[in-house]
Amino acid sequence: MTPATFRAIVLTHDRTACVARHMIARYATGWPDHPFTFRIPYQQRSAVADGPRCEFVPAPPGIKQTVEALLADLPDDEWIYWCLDDKYPIRFDVARIASLARALGDGGPPDVSGLLFCRARRMLDEAYLTGRRLTLGGEVLLERRTYEQFWIHQFFRVKVVRHLFDHFPDVIRPAAIMDRLKRKVALPADHRLWVTDVNHAVFGESTKAGVLTENCLESMRRQGMPIPDWQPAVAAPECIIGGDAPPRLP
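Residues numbered from 1 in each chain as written. Predicted model: local features only at pLDDT ≥ 70, side-chain atom pairs only at ≥ 80, totals over all residues. Heavy atoms only, no water.

Draft legend 1. Summary view of helix 2 (residues 63-71). By the burial criterion, the buried members of helix 2 are Lys64, Thr66, Val67, Leu70 and Leu71. Viewed along the axis of helix 2, the buried residues span an arc of 160°, placing them on a single side of the element. Buried residues belonging to helix 2 abut strand 1 (6-9), strand 2 (36-42), strand 3 (54-58), strand 4 (79-82) and helix 4 (158-166). (Buried < 20%, exposed > 50% of the residue type's maximum accessible area, 1.4 Å probe, protein only. Helix = DSSP H or I, 4+ residues; strand = E, 2+ residues; numbered from the N terminus. Arc of directions from axis to C-beta. Contact = heavy atoms within 4.5 Å.)

Here it is, written out as structure tokens:
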């Protein structure tokens, strides 16, 4: 990709393609001039819809095999934006995040391989940080010890995602075990991950146990998006990352 633009790697599959479309629509609403081209896997081309700033990659249904297909032609040191369909943006400090994106788009420091701008959950616990600090794009960054909070949307060099999934089994069932699996993989010394000292984003979780959350269901309805036929009458409880009852994007 050209400087200051990024391939956004969307981990999804045909059944949840509608959730991925919702996530992408939230970026268009909350950050209209975002620097991402969303790379979306599919098994049946009819399951996904064309859209601006999207590219589609045929991929097998397995989680590990999907990630391998999405990264297959990308060099280890390329910066990507890691964005699972199971998270979507509610609120962004666009100016701050865009500044960080520009700093990474210029190559970024060699000792930065990952950058998270949503400081939440275990990133608020000093036990998961090394104590080392770095300044990038005017922001103070704190170094992370492990892959914790890997599933939140963030910037990575390709090698970070590739290394982690290389250490996962070929068959991952259920998907929720990936959280336990990642804790068994040591973070290489040259894969240094950082988080901003100040939180700049609020995300919503799209699903819980294969069911849309209340917040995602509400968001899809407000945007006039069709509700998938697999959604039951009762939604999963609301789940927000990075803030309590934040204002919604329009």
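Draft legend 2. Highlighting the packing of aromatic side chains. Following the criterion strictly, the structure yields 25 aromatic pairs and no others. Grouped by ring-pair contacts, the aromatic residues Phe6, Tyr27, Trp31, Phe36, Phe38, Tyr81, Phe92, Phe117, Phe155 and Phe203 constitute a single cluster. Geometry around Trp230 places Arg15 over its ring, the cationic atom sitting 4.2 Å from the centre. (Phe/Tyr/Trp six-rings, centres within 6.5 Å; stacked < 30°, edge-to-face > 60°. Lys NZ or Arg CZ within 6 Å of the ring centre and 35° of its normal.)

Draft legend 3. Seen up close, the sheet that holds strand 6 (residues 114-116). Overall, mixed pairing links the nine strands, which are arranged 3-2-1-4-9-6-10-8-7 in an open sheet. Every interior strand has two partners, whereas the edge strands, strand 3 and strand 7 (129-136), have only one. If you compare each strand with its neighbour and ignore which way they point, the axes differ by 30° on average. Where strand 4 and strand 9 (residues 154-157) come together, four bridges link them in antiparallel fashion. Directly across from Ile80, in strand 9, lies its bridge partner Phe156. Helix 4 rests against strand 4, strand 9 and strand 10 (193-196) of the sheet, and its axis sits at about 80° to strand 9. (Pairing = 2+ DSSP bridges. Axes fitted to C-alpha atoms, helices over the stretch in contact; angles between N-to-C directions.)

Keep in mind these values describe shape, not function.
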